[in-house]
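What the coordinates show
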Amino acid sequence: MKALDELTFDNRFARLGDAFSTHVLPEPLDEPRLVVVSNAAMALLDLDPAAAETPVFAELFGGHKLWAHAQPRAMVYSGHQFGGYSPQLGDGRGLLLGEVYNEAGEHWDLHLKGAGLTPYSRMGDGRAVLRSSIREFLACEALHALGIPSSRALCVIGSDTPVWREKQERGAMVLRLAHSHVRFGHFEYFYYTKKPEQHKELAEHVLSLHYPECMEQPEPYLAMFREIVERNAEMIAKWQAYGFCHGVMNTDNMSILGITFDFGPFAFLDDFDAHFICNHSDHEGRYSFSNQVPIGQWNLSALAQALTPFISVDALKEALGLYLPLYQAHYLDLMRRRLGLTTAEDDDQKLVEQLLKLMQNSGVDYTLFFRRLGDESAALAVTRLRDDFVDLAGFDAWAEQYKARVERDGECSEAQRRERMHAVNPLYILRNYLAQNAIAAAESGDYSEVRRLHEVLSKPFEEQLGMEQYAQRPPDWGKHLEISCSS
Ligand code: AMP
Ligand code: MG
């Protein structure tokens, strides 16, 4: 265990120099206070959880103090936003405080979001509000607990600093952890500004630090791009299998590591809806739930374009061609497991598609359906779940196929089935209305609900005593909440 002042820094990105980032000091928040901390994330830095309760913790992560070896930097990048190219973005309100090593030799970027103005703030105020900081914190940690690759979050610090959005709110900071904060948009920036030397330096930095195994390959950059394609296919398959809608899949929000990154108006599906759009500024549904799959490919193509100085176009195209089949394979594998199947049959894809269509038509709760399906034998479960469907004949036909398929899958006891299915079908997910309740309490100074929700979501597959209210369908008011983009 380390004390807060014992973190070991090695700021490799900062060393790339001023063409890549700018030195900026955080602007402190007024009356910083701890809203919520992730003990699991504290452990990644070997920090004693008790340290979070000390005043110096809120001062460090509220922008008042810095470690002697921290080198706060605002990174420059660009990116395609809603399909159009924005030539200069960058950290407009976040700072890479530095890179820290833990005792296991892993290194983590400490990134403070909401840290004040930077040269890249454009028209913004450099701040983040409490509600969006809580949402980002909960989402990172909840996705990780579900087994979905994500950036992590150490804590949220609240304050009295006034911040104007549609109304006056209060400023907050969230401390984000990731092995790297390089985005697709970093590569696009150096490609489109025609800075070949820095572009190469960036590529070498990412390759050597984050894809060292690719350096053994005959074409290291191609091997790295293939790996990025594979990781994205797997990450997006997990989003689709668990009903996660990112909401702003711009290339500046896509991590070079293939982890879920930069949370805005994201949502988990309540009722299954393939066309769900969680971002209310997304008028055309570019980032709707089902569009996430082709957009994943679109984003990888944008990255491929920015990698043309290092990799031949034919090789890039071939690597891009891996995305869809890999996505399909991962998705189908997960969905089979969610259905309790251990073997593969050709018609499984159809079985999944038919079920989703029925769920869509009847507005069935996506998470609870799968959880309940594993509660008992296939025959008993489908009988009980039947009431949730409007098209009873359609559901009965599906249920017959499903029961037959389960039988062909092989013998297993009800207890085995339950254990196997509950291990992949969460009972608790970050429903928008749950986040909303926790935010409303936090905005009036009560942080207990955010902390409880975080705790519940850290073990999503385990039924937790007394936590039934977190495993319910949303009440009417909580069904179609519009999440503001102004964060
Ligand atoms: P996002 O949509 O949050 O991924 O942000 C897109 C770009 O806008 C990034 O360059 C952000 O740093 C910047 N940005 C978003 N909100 C603010 C803000 N309040 N102040 C300054 N820059 C911001
Ligand atoms: Mg962003």
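Taking an unreviewed UniProt entry as the reference, the protein chain is identified by name as Protein nucleotidyltransferase YdiU belonging to Pseudomonas antarctica. UniProt's Function (unreviewed entry) comment on the protein chain is quoted here verbatim: "Nucleotidyltransferase involved in the post-translational modification of proteins. It can catalyze the addition of adenosine monophosphate (AMP) or uridine monophosphate (UMP) to a protein, resulting in modifications known as AMPylation and UMPylation." UniProt, in the comment section headed Sequence similarities (unreviewed entry), describes the protein chain in these words: "Belongs to the SELO family."

1. Describing the coordination of the magnesium ion (ligand 2)
Here the magnesium ion (ligand 2) is held by the protein donor atoms N253 (OD1) and D262 (OD), which lie 1.9 to 2.2 Å from it. Note on accessibility: N253 and D262 belong to one class, buried.

2. Digging into the state of the cysteines
Tallying each qualifying case throughout the model produces 0 disulfides. Lacking any disulfide linkage, C140 is separated from the closest cysteine sulfur, that of C155, by 12 Å. C155 gets classed as buried once you look at its relative accessible area, which sits at 0%.

3. Describing the site of ligand 1
Surveying the vicinity of ligand 1 reveals 16 residues, the closest of which are G90, G92, R122, D125 and G126. R127 has a polar backbone atom sitting 3.2 Å from a nitrogen atom of ligand 1. Coverage of ligand 1 by the protein chains reaches 78% of its 480 Å² of free accessible surface. Grouping the amino acids of the shell around ligand 1 by side-chain chemistry returns 2 nonpolar, 7 polar and 7 charged.

4. Describing the nonpolar core
Ranked by internal contacts, the top residues of the largest apolar core, which has 164 residues, are F57, F369 and W398. In terms of residues, this core owes the most to one element, helix α7 (residues 220-242), which gives 14 residues. Each of domain 1 (4-184) and domain 2 (339-422) contributes no fewer than three residues to this core. When neighbours within four sequence positions are excluded, F57 is seen to be in contact with L4, L34, V37, M42, A51, A52, L154, C155 and I157.

5. Notes on the packing of α7 against helix α8 (residues 292-306)
If you want to describe how two helices pack, look at the angle between their axes and the distance between the axes. Packing of α7 against α8 leaves a shortest axis separation of 10 Å and a crossing angle of 160°. Considered as vectors, α7 and α8 are oriented roughly antiparallel to each other. In the crossing of α7 with α8, the sense of the turn from one axis to the other is right-handed. Between α7, through F225, I228, V229, N232, I236, W239 and Q240, and α8, the contact on the second element is made entirely by Q292, V293, G296, L300, L303 and A304. Among the residues forming the contact of α7 with α8, the class breakdown is 9 nonpolar, 4 polar and no charged.

6. A word on the UniProt feature "binding site: ATP" (unreviewed entry) in the protein chain
Per the UniProt record, the feature "binding site: ATP" (unreviewed entry) sits at G90, G92, R93, K113, D125, G126, R176, R183 and D262. From this annotated list, the subset lining the largest pocket comprises G90, G92, R93, K113, D125, G126, R176, R183 and D262. According to the relative accessible area criterion, G92 is buried, its value standing at 17%. For G92, the residues in contact, after removing those within four places along its chain, are G116, T118, Y120, S121 and G126. Among the structural elements, R176 can be located in strand β11 (residues 168-178). With relative accessibility at 1%, the residue R176 sits in the buried group. Leaving out residues up to four positions away in the same chain, R176 has contacts with D109, L110, H111, K113, E136, S151, R152, H181, R183, F261 and D262. Reaching out from R176, the side chain makes a polar contact with the side chain of H181 at a distance of 3.1 Å.

7. Some points on the UniProt feature "binding site: Mg(2+)" (unreviewed entry) in the protein chain
According to UniProt, the "binding site: Mg(2+)" (unreviewed entry) feature falls on N253 and D262. Restricting the annotated residues to those that line the largest pocket leaves N253 and D262. Structurally, the position occupied by N253 is in the loop between β12 (244-245) and β13 (267-268). Relative accessible area serves as the criterion here: at 9%, N253 is assigned to the buried category. What N253 contacts, discounting residues up to four positions off in sequence, is R183, H246, V248, F261 and D262. Side-chain polar atoms of N253 contact the backbone oxygen of V248, separated by 3.0 Å. With respect to the secondary-structure elements, D262 resides in the loop between β12 and β13. Given the relative accessible area of 13%, D262 is considered buried. Contacts of D262, omitting those with residues within four sequence positions, involve K113, R176, R183, H246, D252 and N253.

8. Comments concerning the layout of surface pockets
What the largest pocket holds in volume is close to 820 Å³. Taken together, 33 residues make up the lining of the largest pocket; nearest its centre are Q81, R93, R122, D252 and S487.

9. Focus: the pairing of strand β8 (residues 107-113)
Burial analysis of β8 places 7 of its 7 residues in the buried class, the great majority of the element. Of the two faces of β8, both are covered, the one formed by H107, D109, H111 and K113 as well as the one formed by W108, L110 and L112. Where strand β7 (residues 94-101) folds back on β8, the antiparallel hairpin that results is connected by 5 residues, among which G105 adopts a positive phi of roughly 90°. In the sheet, β8 pairs with β11 via 5 bridges, with the strands oriented antiparallel. When the sheet's bridge partners are listed, L112 is paired in β11 with L175.

10. Considerations on helix α9 (residues 313-320)
For α9, every residue scored as buried is listed here: A315, L316, A319 and L320. Looking straight down α9, one finds that the buried residues subtend no more than 140° of arc, so they occupy a single side. Structural note: α9 exposes D314, K317 and E318 on the side pointing more than 90 degrees away from its buried face. Buried residues in α9 make contact with α7, α8 and α10 (323-338).

What counts, and where the lines are drawn
Residues numbered from 1 in each chain as written. Chains lettered and ligands numbered in written order. Predicted model: local features only at pLDDT ≥ 70, side-chain atom pairs only at ≥ 80, totals over all residues. Heavy atoms only, no water. UniProt positions renumbered as here; feature names shortened; annotations may be inferred. Donors = N, O, S within 2.8 Å, 3.2 Å for Na, K, Ca; no water. Buried < 20%, exposed > 50% of the residue type's maximum accessible area, 1.4 Å probe, protein only. Disulfide = S-S within 2.5 Å. Near = heavy atom within 4 Å. Polar contact = N/O pair within 3.5 Å; in protein donor to acceptor, adjacent residues only side chain to side chain. Areas by Shrake-Rupley, 256 points an atom, 1.4 Å probe, with all protein chains shown as cover. Nonpolar A, V, L, I, M, F, W, Y, C, P; charged D, E, K, R; others polar. Core = buried A, V, L, I, M, F, W, Y, C linked by side-chain atoms within 4.5 Å. Helix = DSSP H or I, 4+ residues; strand = E, 2+ residues; numbered from the N terminus. Domains from an automatic or database assignment. Contact = heavy atoms within 4.5 Å. Axes fitted to C-alpha atoms, helices over the stretch in contact; angles between N-to-C directions. Parallel < 35°, antiparallel > 145°, perpendicular 65-115°, else oblique. Left-handed = near helix turned anticlockwise from the far one by under 90°. 1 Å grid on protein atoms, 1.4 Å probe; cavity = no way out; pocket = protein on both sides within 12 Å on 5 of 7 lines; lining within 4 Å. Points joined across faces, edges and corners; volume = space filled by probe spheres on them. Pairing = 2+ DSSP bridges. Arc of directions from axis to C-beta.

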